[in-house]
Amino acid sequence: MLEIKNLHASVEGNEILRGIDLTINNGEVHAIMGPNGSGKSTLARVLAGQEAYEVTAGQVLFDGQDLLDMDPEVRAREGVFMAFQYPVEIPGVSNTYFLKAALNAVRKHRGLPEMDALEFLAMVRQKMKMVQMEETLLNRPVNEGFSGGEKKRNEIFHMAVLEPRMCILDETDSGLDIDALRIVSDGVNALRSADRSFLLITHYQRLLNYIVPDHVHVLLDGRIVRSGGKELALELEEKGYSLLEAAERERALPVGA
Amino acid sequence: MATTMTEIQENATAAGAAGAAGVAGHLAEFERFQRELPAGEPGAVQALRRMAIERFAALGFPTLRQEEWRQTNVSAIAQGTFQRPQSDPDAVAAVSPELLFDAAARLVFVDGRFSARLSSVGQLPEGVIVGSLAQALQRSPEKVEPWLGQFARFENHPFVALNTAFLRDGAFIWVPRGAATGLIHVLYLSSSDNDGRATVSFPRNLFVTGENSQATIVETYAGTGPYFNCPVTELVAGPNSVVDHYKVQRESREAFHMSTFQVQADRHSVPSSHSISLGGGLVRNDVNAVLDGEGIDCILNGLYLLEGSQFVDNHMRVEHAKPHCASHELYKGVLDGKARSIFSGLIHVHKGAQKTDAKQSNRNLLLSRDAVANSNPQLEIYADDVRCTHGSTVGQLDEDAVFYLRSRGIGAEAARSLLTYAFASDIVERIKVEPVRRDLEEFLFARLPKGDVVRQAV
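Every chain begins its residue count from 1, and numbering advances along the sequence as written. A letter from A marks each chain and a number from 1 marks each ligand, given out in the order of writing. For this predicted model, a pLDDT threshold of at least 70 governs which residues receive local features, and a threshold of 80 or more governs which side-chain atom pairs are given and counted, while totals over whole chains, interfaces and linings are taken from all residues.

Colleague: Break down the overall build of chain B for me, with residues and values.
Modeller: Along its length, chain B carries 11 helices and 24 strands. For 458 residues, the compact-globule formula gives about 23 Å, and the C-alpha radius of gyration of chain B, at 22 Å, lands near that figure. For chain B, the spread of C-alpha atoms along the three principal axes comes to 70 × 50 × 50 Å. Residue burial is a threshold on neighbouring C-beta atoms within 10 Å of the residue's own C-beta, all placed from the backbone, with 20 or more meaning buried, 12 or fewer meaning exposed, and counts in between meaning partly exposed. Across the 458 residues that make up chain B, the buried fraction comes to 54%. Considering only intrachain contacts with a sequence separation of at least 6, the fraction spanning at least 24 residues in chain B is 80%. For helices the rule is a DSSP run of H or I covering at least 4 residues; for strands it is a run of E covering at least 2, with both sets numbered from the N terminus onward. Every radius of gyration here is taken over C-alpha atoms, with the globule rule written as 2.2 Å times N^0.38, N being the number of residues. Working definition of a contact: two residues with C-beta atoms, positioned from the backbone, lying within 7 Å.

What follows is the structure, encoded as structure tokens:
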């Protein structure tokens with residue numbers, strides 16, 4: 001579904017991603033772990049199309065199409081979704097109505113008819129239950145005055161409504177207590193399917209107890225330095241990133257130095 | 001230093017009959033105007049006009065050297081030539097339906113003059129008067145004279161002076177003690193004359209609400225072609241009265257609009273003003289509120305949506321003269337193209353006006369590099385136990401918010417429009433008169449690119 005080949009990206013002239021290679025197949029859940037500043041969130045944002053990041057080399061294919069060539073909204077309509085690390089508060093824009101406009105833009109792109117208000121509302125109610133979101137949050141402006149946990153749940157709720165095929169979760173677990181983490185994870189697990197893939201960006205192994213990944217990758221200094229199964233996350237949890245960083249530095253030393 | 005009538009006469013000859021141009025032209029026009037007035041007008045009104053024209057002659061048009069006008073260049077008005085309209089106000093075939101909505105009473109003025117044919121006043125509560133000021137001056141001068149010209153001071157304001165000098169007609173609304181009016185709509189239509197020359201009108205409105213009364217009044221200004229509109233509205237809000245006033249300015253892009261809205265509030269009254277500026281080329285809205293009784297709760301909201309080379313100056317002055325009053329001002333502007341806006345807001349808390357709660361906020365959203373918004377808040381506080389806050393911002397759309405919306409599938413243009421709409425929406429939502437709010441929403445949907453997406457998303 002998603003093929004990332006030798007991806008390099010910079011922000012304000014600083015190279016953050018230094019050659020990422022990653023293939024995510026249909027239905028797979030990949031986790032990317034790494035310490036602060038390793039480039040995890042940059043990868044998520046580059047995939048979502050944030051303009052502050054400049055891709056200096058490499059390629060990303062989504063179902064064989066050049067993802068990097070698409071505007072952010074086209075990526076969304078094609079089925080790429082990023083749950084934000086810091087969801088933006090948008091005063092004056094209703095959470096539901098905005099979502100209806102978004103969904104209809106997506107449906108139009110996919111050649112589906114627009115949903116009428118009743119159909120939409122019924123669907124929305126059902127998806128809300130999935131993330132145990134209170135109905136009052138529907139009528140409020142997008143994320144305005146939401147608690148940290150409510151914002152993250154709202155992201156998963158948007159995801160559930162838009163039904164993307166490639167879901168990127170940028171540190172969705174950070175700042176969540178155990179209850180909220182469980183709710184968010186249950187929501188994500190309910191959305192897992194053979195035709196939907198996930199890229200979980202996280203700092204903590206904890207999330208992966210709830211959303212069990214097929215593959216775990218460790219990102220350090222803009223590169224994937226190790227890949228493995230779910231047990232890699234446990235190893236990291238045990239040893240910490242610092243050991244890995246030390247090993248990586250050693251490995252990177254020129255031979256004979 | 002007062003100008004003598006002899007000087008006025010001399011200047012009059014210089015201007016000729018081509019219409020009023022410059023100070024001299026207006027003075028000459030004043031003499032012609034005097035001869036057209038009906039006999040038997042109250043002497044006080046005649047005297048008021050005389051004083052006003054003398055004051056205007058002394059003041060002249062404002063220049064950038066004057067503090068109150070330092071950012072507002074009215075030389076195009078000072079140098080312009082304007083015709084006082086001579087056409088029959090009842091000759092207008094019909095009012096464009098988009099300017100109309102259901103109201104308990106509708107007054108229509110064409111180039112400043114009352115059109116009985118286009119107006120409709122249904123059954124009103126006992127004692128309520130909704131009609132033309134000219135008629136009221138003839139039929140019930142005792143209800144007009146005590147108030148007219150008492151609050152909108154012209155000593156230092158050339159345009160109020162000019163309006164007062166030429167005052168002849170406008171809306172007169174009288175709500176007696178305890179009465180409640182339905183929705184009253186006052187519509188002012190202006191246009192250039194049949195030869196395409198710019199006209200000038202001086203609508204003069206007087207609204208008096210008695211103790212415990214309630215009124216909702218919408219003033220709409222609309223027009224075509226070049227003209228100069230110079231309205232003055234005085235609102236005298238009686239004790240414990242609730243008055244919601246809306247002004248929707250959608251003048252032609254070629255129009256000059258220099259208006260003053262003067263609120264004189266008595267104790268425990270709740271006057272609110274919503275000033276919506278959509279049209280006009282060169283616009284100045286003076287809103288002055290004098291809170292002259294305890295326990296007044298005054299709301300002054302405003303929204304200006306500008307593009308092209310439009311210029312709007314909102315000039316606010318709130319006088320807290322008595323203790324325990326609240327005033328809340330919220331003005332928001334959206335500027336595109338090379339538009340320019342000024343917000344000047346003075347809050348003056350008089351000595352002894354303790355427990356004053358005054359809030360003022362002016363927020364501007366610039367949609368283009370060439371748009372400019374200036375904000376000049378000013379506090380003058382002579383009491384020591386008060387709460388006064390002011391804040392102003394000038395900014396662009398939040399790019400993080402634009403990206404967030406795009407990341408959900410909303411197109412870039414629609415995302416920007418949606419955020420622009422959202423910026424304006426808290427003023428829109430404060431409009432309690434449903435047709436006015438709906439019209440404004442429609443205006444925004446039409447103005448904003450991809451307005452259909454915005455309509456769906458709000």
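Now that the structure has been shown, the text picks up again.
Colleague: Which residues make up the interface of chain B and chain A, and what are the values?
Modeller: Across the boundary between the two partners, chain B contributes 20 residues, which contact 25 residues of chain A. Every element with two or more residues in the side of chain B that touches chain A is listed here: helix 8 (399-406), helix 9 (412-428) and helix 11 (451-457) of chain B. For the side of chain B that touches chain A, the element with the highest residue contribution is helix 9 of chain B, accounting for six residues. Side-chain classes follow a simple rule in which Ala, Val, Leu, Ile, Met, Phe, Trp, Tyr, Cys and Pro form the nonpolar group, Asp, Glu, Lys and Arg form the charged group, and the remainder, Gly included, forms the polar group. Of the residues that constitute the side of chain B that touches chain A, the class distribution is 11 nonpolar, five polar and four charged.

Colleague: An account of the nonpolar core is needed here, citing residue identities and associated values.
Modeller: To form a nonpolar core, buried Ala, Val, Leu, Ile, Met, Phe, Trp, Tyr and Cys residues must be joined through C-beta atoms within 7 Å. Within the largest apolar cluster, 202 residues are counted, with the highest numbers of intra-cluster contacts made by Ile168(A), Ile173(B) and Leu418(B). Take this core: its biggest share by element is 10 residues, from helix 9 of chain B. The contact partners of Ile168(A), leaving out residues within four places of it in the chain, are Ala44(A), Leu47(A), Ala48(A), Phe81(A), Met82(A) and Leu199(A).

Colleague: Account for the pairing of strand 3 (residues 105-110) of chain B, naming residues and giving values.
Modeller: For a regular strand, the rule is simple: side chains alternate between the two faces of the sheet. Residues and elements named next belong to chain B. The element strand 3 is extensively covered by neighbouring structure, given that six of its six residues are classed as buried. Both faces of strand 3 are covered, namely the face carrying Ala105, Leu107 and Phe109 and the face carrying Arg106, Val108 and Val110. Alignment of strand 3 against strand 5 (residues 120-121), held across two bridges, turns out to be antiparallel. In the sheet register, arginine 106 faces strand 5, and the bridge partner there is serine 120. Here, a strand pair is defined by DSSP locating no fewer than two bridges between the strands. Examined bridge by bridge, strand 3 and strand 4 (residues 113-114) share two bridges and lie antiparallel to one another. Each residue of the ladder has a partner; that of phenylalanine 109, found in strand 4, is phenylalanine 114. The antiparallel hairpin formed by strand 3 and strand 4 contains two residues in its connecting segment, where aspartate 111 sits at a positive phi of about 50°.

Colleague: So what about the packing of helix 2 (residues 22-36) of chain B against helix 3 (residues 43-59) of chain B? Which residues, and what values?
Modeller: Residues and elements named next belong to chain B. Think of each axis as a best-fit line through the C-alpha atoms, taken over the contacting stretch in the case of a helix, with angles from 0 to 180 degrees between the N-to-C directions. Where helix 2 contacts helix 3, the axes come no closer than 10 Å and their chain directions differ by 165°. The angle between helix 2 and helix 3 falls in the class roughly antiparallel. The handedness of the crossing between helix 2 and helix 3 is left-handed. Two secondary-structure elements touch here, helix 2 through Val23, His26, Leu27 and Phe30 and helix 3 through Ile53, Phe56 and Ala57. Of the residues assigned to the contact of helix 2 with helix 3, the class counts are six nonpolar, one polar and no charged. Throughout, the term roughly parallel applies to angles under 35 degrees, roughly antiparallel to angles over 145, roughly perpendicular to angles from 65 to 115, and oblique to all others. Whether a crossing is left-handed or right-handed is set by the direction in which the near helix is turned from the far one by less than a right angle, anticlockwise for left-handed and clockwise for right-handed.

Colleague: Kindly report on unusual backbone geometry, identifying the contributing residues and their values.
Modeller: We note that Glu163(A) has phi near 45°; this positive angle belongs to a residue other than glycine. Turning to its location among the elements, Glu163(A) is positioned in the loop between helix 6 (148-162) and strand 9 (166-170). Residue classification places Glu163(A) among the partly exposed residues on the basis of 18 C-beta atoms within 10 Å. Backbone geometry places Lys450(B), a non-glycine residue, at a positive phi of 55°.

Colleague: Lay out the environment of Ser344(B) with the relevant residues and their values.
Modeller: Residue and element names in this part refer to chain B. One can find serine 344 in strand 21 (residues 340-349). Measuring from C-alpha to C-alpha, the distance between serine 344 and aspartate 313 comes to 7.7 Å, with 31 residues separating the pair along the chain. Contact partners of serine 344, with chain neighbours within four places excluded, come to His315, Met316 and Asn376.

In short, the description is geometric, and any link to function would need to be established separately.
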